[in-house]
Amino acid sequence: MASDQDLVVETVQDVLAGHEPFALTADTAWDAGLWADLAEAGLTGVGLPEEAGGSGGELADAIAVVRTLASGAGAVPVAEQLLVAGPALLAAGLDLPDPAEPLTLAVAGAVTAAPSDDGDGPGRWTLTGTATDVAWAGVARHVAVLAAAPEGIDGAVLALVDAQGLATSDARNLAGEPRGSLVLAGAPASGALLTAEQAAVVRARYALARAVQLGAALERVLAWTVQYAGERQQFGRPLGKFQSVQMQLAQMAGEVTAVTALVDAAVHVLERDEDVVLAAAAAKVRAGAAVEVVARLAHQVHGAIGFTQEYRLHHLTRRLWSWRDEAGSELTWSRVLGAGLLSRGGDELWPALTRVV
Amino acid sequence: MSSSLTLAPAPPSEAAEEVRAQVRDFLAAELAAGTFTTHVDTWLSGVDPAFSRKLGERGWLGMTWPKEYGGHERTAMERYAVTEELLAAGAPVAAHWIADRQSGPNLLRYGTEAQRKEILPRIAAGECYFVIGMSEPDSGSDLASIRTRAVRNGDGDFVVNGAKVWTSNAHHSHYGIVLVRTGPPGEGPRGKHQGLTQLLVDLSLPGITINPIRILDGGHHFNEVVFDDAVVPGDMLLGEEGAGWHQVTAELAFERSGPERFLSTYPLLAEFARRAADSGDAAQLATLGRLSARLLALRQLSLRIAAALDRGELPDIPAALVKDVGTTFEADVAEEVRKVVEVPVSLDSPDPLGRALAEAQLHSPGYTLRGGTNEILRGIVARGLGLR
């Protein structure tokens, strides 16, 4: 259906079309050429205000960029930059790095931040410790680190680190995206103290960003599978004419449609600037749960060809399998959601549910 | 994704939130006064005409219909909020449920002026109840193969012979909208859809017998309604003679799209939440979170359908999809809860969680059958995907 974001989507699709798809290999950790073209077109600053150095536009525009790149398996840290690290830095009153230089977020409870000035408000901090499972470690030029606050202080510190020269490990997720560790040995950073609630919002934004990516990739996997079932002939007719295959595709459609509806609603909560933690938790849990069904049935319908490296399907199914466990697993967020819904007592589940989105 | 499956997000509705709060207050007061107790699946099993009349008095039945027919000219979004609150409370809504949900809208769409004037105000008052006359002993999912026949006699009246089954609460109801064959089927695979007609049937007519069909726990909700030369007046034709298939399809969009397709077991989830709050058990909290995430997604899908109804659309394919996903969830609530609690499951249990689990379990085969099996629904979704 037509929307205000059609132009954004078309622009991103045009940029994607100018690059070989599925750039990740054992030797290539990201698609630097794609990033350069996106940055050139101002797409790496969408949704971030112009006065802060961004390209302007609404949250919905940033979501459209992230969705289009997720469904196209673009190997670039756009979700982290546009939906998580960028907005979190700005909300904390910190400066946004040049959007042409990739920025990511590290949720790093094992990293401690110590003030190197008076520590009151945005200021200078020193970070010590190892941040693990950092998306695009080794690729991102800047890292917004959500570190532990100094002892005796509630909350967390959000600090911006220049990643150049930091020791990183070369771990990858199931899709081959970099997820290594960053060793911070007294790294200097500009940063700000966040309350526990503000830190929770940063983590929730990260979860919602992954849910947005999951939703877009789930939609594309369904579309690929429906297309394949319409083309592949067995026993003299297309797979999609077999009732058992139709049941599988309909089940996939049910999952995908449910995810889209809830993720959209959670994004609207963020747009309205309301409490997003439980909405993001629900979106992440629901999207993660759909992966099991959709990836399994997509591979089942595709048959052996979908199990090969040569065929395109794995570029999205491996991302689905990875993303569902990242930015907080289903278990983590289902506990957050369960406990959050009971925060006003065990008798108050229904009022709590009707407030989430 | 295919545009026939997806609907636009529902816009926020202040009016809906306002009436939601009113219904919530009303239900709290009724529960406190002991006029009803919460149960699972009460839109099938909770028959309470006095409660239905109370809802009628408050303007919560026939909400979207024109005022001239006793309606209140409110939005489908407002009606959604009311029905959702009633289901979440496990309130006894079965008496009027079918009439308010689908028979009334069907009459509004296809009924004569006399039929509307006579019946709709009584439905909106919570006084007049309906059954669905579709399934037969030999016609379940293959609805077009029904054999109940109606033949015009010399006076132009319909003489009806045959039997309808699974008619929920026929023993408490006043009318049925009965699908009958009035003409021969046509040629070709869809020829069976021709020659079908809907009749508005007064269940107290001579020649109509209502026999109970008990469900597996002994509960009497279903019936067999037998027509033995029952004479239905000619002016009780609903809509067009021979257009029954088309009309039934429209009726099913109402039947399949509401929150009762994912909230039938909500009272069990509410009881489980009390347990999880008391225990603080991590596994229980996670299960509550997982089930709640599924429920929240279903709410959004169902709200989108309500908004589409307000736009004048009849979203039959999205409705089939929601019902498939929603009724699967209803049964899963019991299965997931029992994995993380240790409680004797019995209708006689002193523990309300044990009773709710028992009710949800014993009614579970019905969720994914009634209103169209999930296999039929997935076939409709497959059509929406362009596979049929």
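Note that this is a predicted model, so its numbers are computed, not measured. The written sequence of each chain sets the order in which its residues are numbered from 1. By the order in which they are written, chains take letters starting at A while ligands take numbers starting at 1. Totals for whole chains, interfaces and linings use every residue, but because this is a predicted model, local features are given only for residues with pLDDT of at least 70 and side-chain atom pairs only at 80 or more, for both listing and counting.

K.L.:
So what's going on with the overall build of chain A? Which residues, and what values?
P.N.:
Where helices and strands are cited, they refer to DSSP runs of H or I of at least four residues and of E of at least two residues respectively, numbered from the N terminus. Within chain A, the regular secondary structure consists of 10 helices and eight strands. Just to be clear, the radius of gyration here is over C-alpha atoms, and the globule rule we use is 2.2 Å times residues to the power 0.38. For 357 residues, the compact-globule estimate of 2.2 N^0.38 gives 21 Å, and the C-alpha radius of gyration of chain A, at 21 Å, lies within 12% of that figure. Dimensions of chain A, computed from C-alpha atoms along their principal axes, come out at roughly 75 × 55 × 35 Å. Here chain A, with 357 residues, has 56% of them falling under the buried criterion. This entry defines residue contacts through backbone-placed C-beta atoms, with two residues in contact when those atoms are within 7 Å. Counting only contacts in chain A whose residues sit at least 6 apart along the sequence, the fraction spanning at least 24 positions is 71%. Comment: burial labels come from other C-beta atoms within 10 Å of the residue's own C-beta, placed from the backbone, where a count of 20 or more is buried, 12 or fewer is exposed, and between is partly exposed.

K.L.:
Run through the domain arrangement of chain A, naming residues and quoting values.
P.N.:
All names here are of chain A. Here the limits of each domain have been adopted from an automatic or database domain assignment. If you check the domain split of chain A, you get domain 1 (6-194) and domain 2 (198-356). Averaged C-alpha coordinates put domain 1 and domain 2 at centres separated by 23 Å. With 24 residues of domain 1 in contact, the opposing surface of domain 2 contributes 23 residues. Per-class residue counts for the side of domain 1 that touches domain 2 are 19 nonpolar, three polar and two charged. When residues are grouped by polarity, Ala, Val, Leu, Ile, Met, Phe, Trp, Tyr, Cys and Pro land in nonpolar, Asp, Glu, Lys and Arg in charged, and all others, Gly among them, in polar.

K.L.:
Kindly report on the pairing of strand 3 (residues 158-165) of chain B, identifying the contributing residues and their values.
P.N.:
Strand direction decides the pairing type here: strand 2 (residues 149-152) of chain B and strand 3 of chain B, joined by four bridges, are antiparallel. Residue pairing for strand 3 of chain B: Ala150 of chain B is matched across the bridge by Val160 of chain B. Here, any two strands with at least 2 DSSP bridges between them count as paired.

K.L.:
Which residues make up helix 8 (residues 313-323) of chain A, and what values do they have?
P.N.:
Residues and elements named next belong to chain A. Burial analysis of helix 8 places nine of its 11 residues in the buried class, which makes it a mostly covered element. The complete set of buried residues in helix 8 reads Leu313, His314, His315, Leu316, Thr317, Arg319, Leu320, Ser322 and Trp323. Looking at the buried positions of helix 8, the neighbouring elements they touch are helix 5 (196-231) and helix 7 (277-302).

K.L.:
Break down the UniProt feature "domain: Acyl-CoA dehydrogenase/oxidase C-terminal" (unreviewed entry) in chain A for me, citing the residues and quoting the values.
P.N.:
As annotated by UniProt and renumbered to match this structure, "domain: Acyl-CoA dehydrogenase/oxidase C-terminal" (unreviewed entry) occupies residues 209-320 of chain A. For residues 209-320 of chain A, the end-to-end C-alpha separation is 13 Å, with 77% helix and 4% strand making up the annotated structure. UniProt positions are given in the numbering used here, feature names are shortened, and annotations may be inferred rather than shown by experiment.

K.L.:
How would you sum up the UniProt feature "domain: Acyl-CoA dehydrogenase/oxidase C-terminal" (unreviewed entry) in chain B? Please name residues and give values.
P.N.:
Within this numbering scheme, the UniProt entry marks residues 283-385 of chain B as carrying the feature "domain: Acyl-CoA dehydrogenase/oxidase C-terminal" (unreviewed entry). Between the end C-alpha atoms of residues 283-385 of chain B there is a gap of 37 Å, over a span that is 76% helix and 0% strand.

K.L.:
So what's going on with the UniProt feature "domain: Acyl-CoA dehydrogenase/oxidase N-terminal" (unreviewed entry) in chain A? Which residues, and what values?
P.N.:
Within the UniProt annotation, "domain: Acyl-CoA dehydrogenase/oxidase N-terminal" (unreviewed entry) is assigned to residues 4-93 of chain A. Along residues 4-93 of chain A, the helical share is 53% and the strand share 0%, with 29 Å between the first and last C-alpha atoms.

K.L.:
Help me get a handle on the UniProt feature "domain: Acyl-CoA dehydrogenase/oxidase N-terminal" (unreviewed entry) in chain B, residues and values and all.
P.N.:
Feature annotation in UniProt assigns "domain: Acyl-CoA dehydrogenase/oxidase N-terminal" (unreviewed entry) to the following positions: residues 13-127 of chain B. In the segment residues 13-127 of chain B, helix accounts for 65% and strand for 0%; the C-alpha atoms at its two ends are 29 Å apart.

K.L.:
Residues and numbers for helix 9 (residues 282-310) of chain B, please.
P.N.:
Residue and element names in this part refer to chain B. Here a helix's expected span is defined as the number of its residues, less one, multiplied by 1.5 Å. An ideal rise of 1.5 Å per residue puts 42 Å on 29 residues; helix 9 measures up with 42 Å between its terminal C-alpha atoms. With respect to burial, helix 9 is a largely interior element, 26 of its 29 residues being buried. In the stretch just after helix 9, Gly312 is the one whose phi turns positive, near 85°.

K.L.:
An account of the domain arrangement of chain B is requested, with residue identities and associated values reported.
P.N.:
Residues and elements named next belong to chain B. The domains assigned to chain B are domain 1 (14-128), domain 2 (132-242) and domain 3 (250-384). Computed from C-alpha coordinates alone, the two centres of domain 1 and domain 2 are separated by 25 Å. Opposite the 13 residues of domain 1 that make contact, domain 2 presents 12 residues. Of all the secondary structure elements, the ones that give two or more residues to the side of domain 1 that touches domain 2 are helix 2 (42-45), helix 5 (94-110) and helix 6 (113-124). With six residues, the single largest contributor to the side of domain 1 that touches domain 2 is helix 5. The residue inventory of the side of domain 1 that touches domain 2, partitioned by class, reads eight nonpolar, five polar and no charged.

K.L.:
Can you lay out the nonpolar core for me, pointing to particular residues and giving the numbers?
P.N.:
Residues Val66, Val145, Ala266 and Ala282 of chain A are the most contacted members of the largest nonpolar core, which totals 256 residues. Per-element accounting of this core gives the leading share, 21 residues, to helix 5 of chain A. Look past the residues within four positions of Ala282 of chain A in its chain and what remains in contact with it is Leu262, Ala266, Leu337 and Val356 of chain A together with Ser292, Ala293 and Leu296 of chain B. We define a nonpolar core as a collection of buried residues of the types Ala, Val, Leu, Ile, Met, Phe, Trp, Tyr and Cys that are connected via C-beta atoms lying within 7 Å of each other.

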